[in-house]
Amino acid sequence: MIERSPFFDALTYAVMIIGLILVIIPFWVVIVAASQSLQEVSQVPISLLPSNQLWTNLSEAWARADLGPKMINSFIVAIGVTVGKITLAAMSAFAIVFFNFKARMICFWLIFITLMLPLEVRIVPTYAIAANALLPFQTILDVTGLTWLVQAVSGIQVSLNWNLLNSYTGLILPLVATATGTFLYRQFFMTIPDELAEASKMDGASAMEFFWDVLIPLSRTNMLALATIMFVGSWNQYLWPLLITTDRANFGTVVMQLKALIPAMNGTPDWNVTMAGALIIMLPPLLVVAFMQRWFVRGLISRDK
Amino acid sequence: MAQITIKGVKKNYAKTAVIHGVDVTIEAGEFVVILGPSGCGKSTLLRMIAGLEEISGGEIAIGGKVVNDLEPRERGCAMVFQNYALYPHMTVRQNIGYSLKVAKVAKAARDARVMKVAQAVSLEPYLDRRPGELSGGQRQRVAMARAMVREPKVFLFDEPFSNLDAKLRVAMRAEVRRLHRDLGVTSVFVTHDQTEAMTLADKLIIMNAGKVEQIGKPTEVYNNPASRFVADFIGSPAMNLFEGEFDAEGQFVHGTGGRMNVSQLNGVRQPGRKVVLGVRPEGVRRTGADTHGAIPAVVDYVEELGASRLIHADANGSRIVALDNDTSEIKSGTPVHLSLADSALHLFSLEDGRRISH
Amino acid sequence: MERRAVYRNKVLPWLLIGPQLLLVLVFFYWPTSQALYWAFTLEQPWGGGNLWAGLDNFLYIFRDDRYWGTVLRSGFYALAATGLSMLVALTLASFVDRALKGTKLFQSVFIWPYAIAAPAAGVAFRFIFSPEAGLVGAINDIWPGVWDPATNGIHALAMVIVCHAWLGIGYNFVFFLAALQMIPRSINEAGAMDGARPFRRMLDLQLPLIAPTAFFLLIMNIISSFTDSFGLIDTMTEGGPIGQTEVMVYKIYVDGFKGLDYSGAAAQSIILMLLVIGLTFIQFKWVERRVHYN
Ligand SMILES: Nc1ncnc2c1ncn2[C@@H]1O[C@H](COP(=O)(O)OP(=O)(O)OP(=O)(O)O)[C@@H](O)[C@H]1O
Ligand SMILES: [Mg+2]
């Protein structure tokens, strides 16, 4: 603060409070509605004070949308994506930044171009691959004549097949495939001074020892940020899980269940249960963001540069 | 302790050559300083010894063993970096002990050795701090301890003190000297600070543009610079250098026709030969006008150094600097007479800059 | 991106980068090439492979008025949602940047919307804006029929856009605040010495200095309005009433997965991809220029 300016200070608080209301209203409505009875929630205008039906509504939503198993699925997917992405991202960024191999620049671009096209944009073709993730390799074998060769020699018809529909791998792998994490790690690795790697070389450490003993501990903040971003991003996935899981009962995620909670056109308008469900579903990523805020903010920013 | 022999070593980056064939032998236990202007390839040479940079041509041997194809860890060298390159997430203890940990030295032995070197550089109170919580000088000492703990055959230093303030630099210099005396390990020290070089070196290697200009003891290099470059580079204030030639009487003609009597240079005074005459400011004296061979000059300005002063003067079109101990006031524009101490004269070929021996 | 300290090893880098490359190949390059293939071919109804169709799929789309409707709508959606969200976020960030007492609390709440899944926000906003329920719908009690997103396409679109803008506040806020905080304090102080009041300084000094961030966010928001809108529209309106909230991604979904018209959906995907690539490219160029200026 440079100078005292009571009027401007007051304005600042006023704006921030209006902003706070703006941001928080939807959360508040969800909580309030989730705590009301059907009768209360149907009132026009609605009361903006919480009532005492929260637990009832939560259990009702939990049962109606079968949130137990779905919650487990969501956690499996979110954690799978988070762990998978962090692991692969750190590894590939390490290779790109610290190794001198011929195809380095090609690999770099092959991976980074994927930043341009989010999953939603190429949803149709990606879905097609889910039926058989090994199709590209089969095609390569077919085109190069290897299939024919193998069949001629051994009599075995090579047919690769790996169906990803209704599987955790199908839910997880396509989300791990994009380059956001690699990009973030690369940004960080680029800030490590050359001399640190050289010092470790002089100390007799191998490349992998440098990776484990120096890079990984140093990138802890970035890792937490990436973890937050990935957890939130994969928990909140909607379109992809919708397509890849036809067997919703076993492989559905919680976010997919939201639509099922919306009152039917001519059914009971029990929005209180809907809101209770929404509350349950939005809580885990919200908690993650709230707790990890400090790191997450830093990580999000460094994507820019 | 090991001898280092460098034979015809070259370095190219892609197409550009940055080291054009260097031959040096560094004796076991010697403290060698590589001195040269920025960009001349000092670090590159050092890093080739360390194994951090591939050797494009020639051969480097440490302790009689050719190391061209060895990894840094197999060469037995330790290195102190300019920006310390400490591991920021490890404590001082872990930083120093990291190489031992990598080498799978047992914890107890490791701790003992870390303690020993920490004592040698008085770091014991800081062992559990992180580098971020240390001052520049302390960090520097951690970097040195880290190099020492492996008991290497060779110490390599790449401008280790350039981030320290002047006072600390002097203190660290003394410390390095002392450590070298105690440990007697062959050391190669890169710097572009000539005071540092002169005070530390047993042997000085002057480099310029990827070539070695001169190798020798500091006093030797100072008193007998092998080339115009070395003459110009070593010594502060810098040596006076005059381009010119000898006339028929053997007088040196410079600038816009000024003459200097350099009878001392008997035998090399070929009339018409283009040369560079060098004389250090301390070899230039003020004298009376009637002194034989006195050079008339006009004072341009005076630079006070405290105990002495530098007189910058114009002698018939050539700039000349004299170190003067007199304290009487001299205004700019004052005419003075200067004489050159015979023994302080140096002569270089204008063509290739090499010394013309006499 | 050149570095000096590199390891030379023939096998290790491939082991490290291999898994990522494999995934990218299988889930990115292969599908994208497939999309191209479909876009230029026509699938036979009863199997029997694909027929080469040239540009027919694209021409068919371009002749479809409904498609142009979604394109225009997507454009409007993108600009409206982006503008609204960035404006709110920028205002909040500018004031939070003054770092008065208690600001930290506001700051953390302003980030919350980032954590919310689009469909979850969609459900919440659907309730808030429901004409039968007691929040926004309450004005129907005063003026019956004033608000009806279920039948009025403009209402429905407005509702989706507001929700989208709200969702984006957190992300935009974080970036704006970071950009503001990166402005050296001395610039602000110099402005104060020159006699500029806080509000003037905000307009004259801070806003111009965060222009690069604003541009970056503009592009990111537009791209996200193409991609993230699906979850909102699917939970809030399902593209209705009568297709009046259908945007590009949603139409691809409907045509491809409900209508099973892969070729048409693939062609639309290609168009959308080109659009997104174009925008990203502009952004890269801009970032590059910005780096040069520094
Ligand atoms: N990776 C590289 N690629 C191309 N040229 C390089 C590379 N590294 C160094 N050089 C060049 O090699 C020459 C010698 O560099 P070096 O770092 O050895 O200089 P130096 O004598 O240590 O200088 P300083 O005193 O500034 O540290 C310089 O001209 C430099 O530009
Ligand atoms: Mg150097």
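Residues numbered from 1 in each chain as written. Chains lettered and ligands numbered in written order. Predicted model: local features only at pLDDT ≥ 70, side-chain atom pairs only at ≥ 80, totals over all residues. Heavy atoms only, no water.

Participant: Which residues make up the overall build of chain B, and what values do they have?
Facilitator: Helices and strands together make up the secondary structure of chain B, namely 8 helices and 20 strands. Along the first, second and third principal axes, the C-alpha set of chain B runs to 80 × 45 × 35 Å. Within the span of chain B, comprising 358 residues, buried residues form 52% of the whole. A total of about 15900 Å² of accessible surface is found on chain B, and carbon and sulfur atoms cover 48% of it. (Helix = DSSP H or I, 4+ residues; strand = E, 2+ residues; numbered from the N terminus. Buried < 20%, exposed > 50% of the residue type's maximum accessible area, 1.4 Å probe, protein only. Areas by Shrake-Rupley, 256 points an atom, 1.4 Å probe, with all protein chains shown as cover.)

Participant: A description of the overall build of chain C should follow, citing residues and the corresponding values.
Facilitator: Within chain C one finds 13 helices and 2 strands. The C-alpha extent of chain C, read off along each of the three principal axes, is 75 × 75 × 30 Å. For chain C, restricting intrachain contacts to residue pairs at least 6 apart in sequence, the fraction spanning at least 24 positions comes to 68%. Approximately 13500 Å² of chain C is accessible, and the part contributed by carbon and sulfur atoms is 67%. (Contact = heavy atoms within 4.5 Å.)

Participant: Account for the site of ligand 1, naming residues and giving values.
Facilitator: All names here are of chain B. Taken together, Tyr 13, Val 18, Pro 37, Ser 38, Gly 39, Cys 40, Gly 41, Lys 42, Ser 43, Thr 44, Glu 159 and His 192 make up all the residues around ligand 1. Here Ser 43 contributes a side-chain N or O atom positioned 2.5 Å from an oxygen atom of ligand 1. Here the shell around ligand 1 gets 3 residues from one element, more than from any other, and that element is helix H1 (residues 42-50). The residue inventory of the shell around ligand 1, partitioned by class, reads 4 nonpolar, 6 polar and 2 charged. (Near = heavy atom within 4 Å. Polar contact = N/O pair within 3.5 Å; in protein donor to acceptor, adjacent residues only side chain to side chain. Nonpolar A, V, L, I, M, F, W, Y, C, P; charged D, E, K, R; others polar.)

Participant: Report on the environment of Glu 246 of chain C, specifying residues and quantitative values.
Facilitator: Residues and elements named next belong to chain C. The residue Glu 246 is located in the loop between helix H11 (229-236) and helix H12 (248-258) in this model. The sequence separation of Glu 246 and Gly 69 amounts to 177 residues, and the corresponding C-alpha distance is 8.5 Å. With residues near it in sequence (within four places) discarded, Glu 246 still touches Arg 66, Thr 70, Arg 73, Gly 239, Lys 251 and Val 254. A distance of 2.9 Å separates a polar atom in the side chain of Glu 246 from a polar atom in the side chain of Arg 66.

Participant: I'd love a proper account of the domain arrangement of chain B, names of residues and values included.
Facilitator: Residues and elements named next belong to chain B. We note that the domain assignment places domain 1 (4-228) and domain 2 (237-349) within chain B. If you look at the interface, domain 1 gives 6 residues, while domain 2 gives 8 residues. Buried surface at the junction of domain 1 and domain 2, both sides included, amounts to about 590 Å², of which 54% is carbon and sulfur. Run the count over domain 1 and domain 2 and you get 1 salt bridge. Linking domain 1 with domain 2 are 3 residue pairs in polar contact (both at pLDDT 80 or more). (Domains from an automatic or database assignment. Buried area = accessible area lost by both parts, 1.4 Å probe. Salt bridge = Lys/Arg side-chain N within 4 Å of Asp/Glu carboxyl O.)

Participant: How would you sum up helix H3 (residues 107-120) of chain B? Please name residues and give values.
Facilitator: The α-helix advances 3.6 residues per turn, and as a result positions three or four apart in sequence lie on the same side. Residues and elements named next belong to chain B. With 14 residues, H3 should cover 20 Å at 1.5 Å per step; its first-to-last C-alpha distance of 20 Å lies within 8% of that length. Among all positions in H3, only Arg 110, Val 114, Val 117 and Ala 118 are buried. For H3, the buried positions fall inside an angular range of 105° around the axis, keeping them on one side. In H3, the exposed positions angled more than 90 degrees off the buried face are occupied by Ala 108 and Lys 116. Contacts from the buried residues of H3 go to helix H2 (92-102) and helix H4 (136-148). (Expected span 1.5 Å × (residues − 1). Arc of directions from axis to C-beta.)

Participant: Any chance you could break down unusual backbone geometry for me, citing the residues and the numbers?
Facilitator: With omega at 0°, the peptide bond leading from Ser 236 of chain B into Pro 237 of chain B counts as cis. Position of Pro 237 of chain B relative to the elements: it lies in the loop between helix H8 (228-233) and strand E11 (240-246). Phi at Asn 166 of chain A is positive, roughly 55°, even though this residue is not glycine. Tracing the chain through its elements places Asn 166 of chain A in the loop between helix H8 (146-154) and helix H9 (168-176). Positive phi, normally seen in glycine, also occurs at Tyr 84 of chain B, with a value near 75°. Within the secondary structure layout, Tyr 84 of chain B lies in the loop between strand E6 (77-80) and H2. Residue classification places Tyr 84 of chain B among the buried positions, given a relative accessible area of 7%.

Participant: Kindly report on the packing of helix H7 (residues 153-182) of chain C against H11 of chain C, identifying the contributing residues and their values.
Facilitator: Residues and elements named next belong to chain C. Close contact between H7 and H11 brings their axes to 10 Å; oriented N to C, the two are set at 135°. Between H7 and H11, the interaxial angle falls into the category oblique. Where H7 crosses over H11, the two elements pack in a sense that is right-handed. Where H7 approaches H11, its residues Met 159, Val 160, Cys 163, His 164 and Leu 167 are matched on the opposing element by Ser 229, Leu 232, Ile 233 and Met 236. When its residues are assigned to classes, the contact of H7 with H11 shows 7 nonpolar, 2 polar and no charged. (Axes fitted to C-alpha atoms, helices over the stretch in contact; angles between N-to-C directions. Parallel < 35°, antiparallel > 145°, perpendicular 65-115°, else oblique. Left-handed = near helix turned anticlockwise from the far one by under 90°.)

Participant: For the pairing of E11 of chain B, give the residues involved together with the corresponding values.
Facilitator: Residues and elements named next belong to chain B. Here E11 runs beside strand E14 (residues 274-279); their pairing, made up of 6 bridges, is antiparallel. Of the residues in E14, the one forming a bridge with Phe 242 is Leu 277. With 3 bridges joining them, E11 and strand E12 (residues 252-254) adopt antiparallel strand pairing. Across the sheet, the residue bridging to Phe 246 is Phe 252, located in E12. Hairpin connection, E11 to E12: the antiparallel pair is bridged by 5 residues, and Gly 250 has positive phi, about 90°. (Pairing = 2+ DSSP bridges.)

Participant: I'd like a rundown of the interface of chain C and chain A, residues and numbers included.
Facilitator: Counting from both sides, the interface comprises 103 residues of chain C and, opposite them, 115 residues of chain A. Between chain C and chain A lies a buried interface of about 10400 Å² when both sides are counted; carbon and sulfur atoms form 77% of it. In this assembly, chain C and chain A are joined by 3 salt bridges. For the side of chain C that touches chain A, the element with the most residues is helix H1 (residues 12-39) of chain C, which contributes 21 residues. Residue composition of the side of chain C that touches chain A, grouped by class: 74 nonpolar, 13 polar and 16 charged.

Participant: Before we move on, can you summarise the sheet that holds strand E17 (residues 309-315) of chain B with the specific residues and values?
Facilitator: All names here are of chain B. Read from one edge of the open sheet, 5 strands run E15-E19-E16-E17-E18, paired in antiparallel fashion. Looking along the sheet, the strands with just one partner apiece sit at the ends: strand E15 (284-287) and strand E18 (318-324). The sheet shows a mean angle of 50° between the axes of neighbouring strands, direction not considered. Where E17 meets E18, 7 bridges bridge the pair, whose relative direction is antiparallel. Note on E18: the bridge partner recorded for Ala 315 is Ser 318.

Participant: So what's going on with the pairing of strand E1 (residues 4-13) of chain B? Which residues, and what values?
Facilitator: All names here are of chain B. Pairing geometry for E1 and strand E2 (residues 16-26), over 8 bridges, is antiparallel. Paired with Ile 4 across the two strands is Ile 26, which belongs to E2. Counting the residues in the hairpin turn of E1 and E2 gives 2 residues, including Ala 14, whose phi is positive at 50°. Of the strand pairs in this sheet, E1 and strand E4 (residues 57-62) are connected by 5 bridges, and their pairing is antiparallel. Within the sheet, the bridge partner assigned to Ile 6 lies in E4 and is Ile 60.

Participant: Provide a residue-level description of the nonpolar core, including the pertinent values.
Facilitator: Phe 94 and Phe 98 of chain A are the most contacted members of the largest nonpolar core, which has 231 residues in total. Listed in part, the 44 residues of the second largest apolar core include Tyr 84, Val 149, Leu 179 and Ala 197 of chain B. (Core = buried A, V, L, I, M, F, W, Y, C linked by side-chain atoms within 4.5 Å.)

Participant: How would you explain the sheet that holds strand E7 (residues 154-158) of chain B if you had to name every residue and give the values?
Facilitator: All names here are of chain B. Ordered by their spatial adjacency, 6 strands build an open sheet running E6-E7-E8-E3-E9-E10, and the pairing between neighbours is mixed. Bordering the open sheet on either side are E6 and strand E10 (211-216), each of which pairs with just one other strand. Neighbour to neighbour, the strand axes of the sheet diverge by 20° on average, direction disregarded. Pairing geometry for strand E3 (residues 31-35) and strand E9 (residues 203-208), over 4 bridges, is parallel. Bridging from a neighbouring strand, Ile 34 pairs with Ile 205 of E9.

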